[in-house]
Amino acid sequence: MELYSAKMNMIHSDIRGKNYYTALQLEQQCEKILKLNTGNPPAFGFDMPVSVKNALLENLDKAMGYCDPRGMLPARQAITEYHVSKGLKNITVDDVFIGNGISEIASIINTVLLNAGDEVLLPMPCYSLWSNEVKLAGGVPVFYRCDETCGWNPDTEHIRSLITPKTKAILVINPNNPTGVLYSTETLTEIAEIARKNNLIVLSDEIYDRLVFDGKVHISFATLAPDLTVITMNGLSKSHCLCGFRCGWLILSGEEKTKQLLREAITKIVSIRLSANALMQTVIPAAMKDTAYTESMIQKGGRLYEQRKAAFDALDKIDGLSYVKNDAAFYVFPKIHHEITDDKMFAHDLLLEKKVLIVPGSGFMQNDHQHFRIVLLPEADVLGKAITDIGKFLNKQL
Ligand code: PLP
């Protein structure tokens, strides 16, 4: 009998994959590595919001015990208010479940929804949490193309062509990781139509919804389709730079009868795992009120704004590379115009030569060996230099 289940051979993380562990080894040998592989703002000196620090200190002794498995009530109230303010209709605290990050929420949702062989439509490129969790729950990820020539918007014709009697749900990651783009309302409306026609549940990962640049506005998928069963997900990892707190949630919307069935199923699972981290839940009300913290990062003069600009300036100077400007989040996903045979090896060699760690496109199921993702979190000068180094490395390969 095998030691571990066959599922273990089906999952992988290239964000924290072989190259990442090589980088850690190099660091142990006193090499300085710029790790552009994870969207981890505190690792690049982003401070904790003062509002959150104060709430933590005030609430330390309220977080010693297990709490309501669905999440603490004041936290669920604050989350409900936020989503109502974004236009979600007919939602109450009973529709909110708090987990240890969207990462845990993804595991819960897939376990609740999927029987063996059920198919879930996922974007390609895809943040790999989702493909891994679908497989772990016994489901089958089916990838729909996002079209680089259309600003990485999902190709809705391709989505239509992939639907089978086994298609259970469709995932939308908007704003997207790894491309950083915001989808057009037209595309989202078309996806809603497809979901309506084919009775699909919509999973909407909106963790970057507050990190949108240039005055653009994020539209929550559920507001475009109040009649559909939509599971909207969000958290504090990115907007408040609190990824180490492991704080995320889901909110159910749509027809009441379906919501009630899902509430019962999700309650079973969250009860089995006792409760999510209680301390992080005590800061949710303060964090949700603190919009200034997030806005200060994305406005002109703010770190995310200036770093993004520095990245564009440096990318524009590289021959043989193109990229779609990100509207949101802190990622770009450039395209290399000449042939590289193995993008993992490319990332490996770049790490050894330039001491910069990136994630190759294949880490996001973009298997054309022409893409890679850069995280735009270092200070502008550091980021600009790293991108210039990537350009030099690329041009040497020509
Ligand atoms: N969803 C997307 C699209 C992400 O990019 C990430 C993290 O990078 C997550 C979910 C995970 O979020 P959490 O920290 O809440 O687990």
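A. Inspection of the nonpolar core at higher detail. Judged by nonpolar contacts, the single largest core of 70 residues is most densely connected at Leu36, Trp130, Leu203, Leu250, Leu304, Ile358 and Ile374. By size, the runner-up hydrophobic cluster in this structure holds 55 residues, among which are Val52, Tyr144, Leu228 and Ala278.

B. The environment of Glu193, seen in detail. Tracing the backbone shows Glu193 in helix α7 (residues 185-198). In this structure, the C-alpha to C-alpha distance between Glu193 and Ile269, residues 76 residues apart in sequence, is 31 Å.

C. Looking closely at the side chain of Thr80. Along the chain, Thr80 turns up in helix α3 (residues 73-85). Thr80 gets classed as buried once you look at its relative accessible area, which sits at 8%. A polar contact is formed between the side chain of Thr80 and the backbone oxygen of Arg76, at a distance of 2.6 Å. The residues contacting Thr80, other than those within four sequence positions of it, are Ile91, Thr92, Val93, Val96 and Ile251.

D. View of the pairing of strand β8 (residues 230-235). The buried count for β8 comes to six of six residues, which makes it a mostly enclosed element. Burial of β8 is two-sided: the residues Val230, Thr232 and Asn234 facing one way and the residues Ile231, Met233 and Gly235 facing the other way are all buried. Sheet topology note: the strand β7 (residues 201-205)/β8 ladder contains four bridges and is parallel. The partner of Ser204 across the bridge, within β8, is Thr232. Of the strand pairs in this sheet, β8 and strand β9 (residues 248-253) are connected by six bridges, and their pairing is antiparallel. Looking across to β9, one finds that Gly235 is bridged to Gly248.

E. How the structure looks around the site of the ligand. Not every one of the 13 residues close to the ligand is listed here, only the nearest: Ile102, Ser103, Asp205, Tyr208 and Ser237. One of the side-chain nitrogen or oxygen atoms of Lys238 is found 2.8 Å away from an oxygen atom of the ligand. Arg246 places a polar side-chain atom, nitrogen or oxygen, 2.7 Å from an oxygen atom of the ligand. For the ligand, the protein covers 95% of the area, taking 390 Å² as the surface of the free molecule. Among the elements that take part in the shell around the ligand, helix α4 (residues 101-113) stands out by supplying three residues, more than any other. Here the shell around the ligand is built from residues that sort into six nonpolar, four polar and three charged.

Thresholds applied
- Residues numbered from 1 in each chain as written.
- Predicted model: local features only at pLDDT ≥ 70, side-chain atom pairs only at ≥ 80, totals over all residues.
- Heavy atoms only, no water.
- Core = buried A, V, L, I, M, F, W, Y, C linked by side-chain atoms within 4.5 Å.
- Buried < 20%, exposed > 50% of the residue type's maximum accessible area, 1.4 Å probe, protein only.
- Helix = DSSP H or I, 4+ residues; strand = E, 2+ residues; numbered from the N terminus.
- Polar contact = N/O pair within 3.5 Å; in protein donor to acceptor, adjacent residues only side chain to side chain.
- Contact = heavy atoms within 4.5 Å.
- Pairing = 2+ DSSP bridges.
- Near = heavy atom within 4 Å.
- Areas by Shrake-Rupley, 256 points an atom, 1.4 Å probe, with all protein chains shown as cover.
- Nonpolar A, V, L, I, M, F, W, Y, C, P; charged D, E, K, R; others polar.

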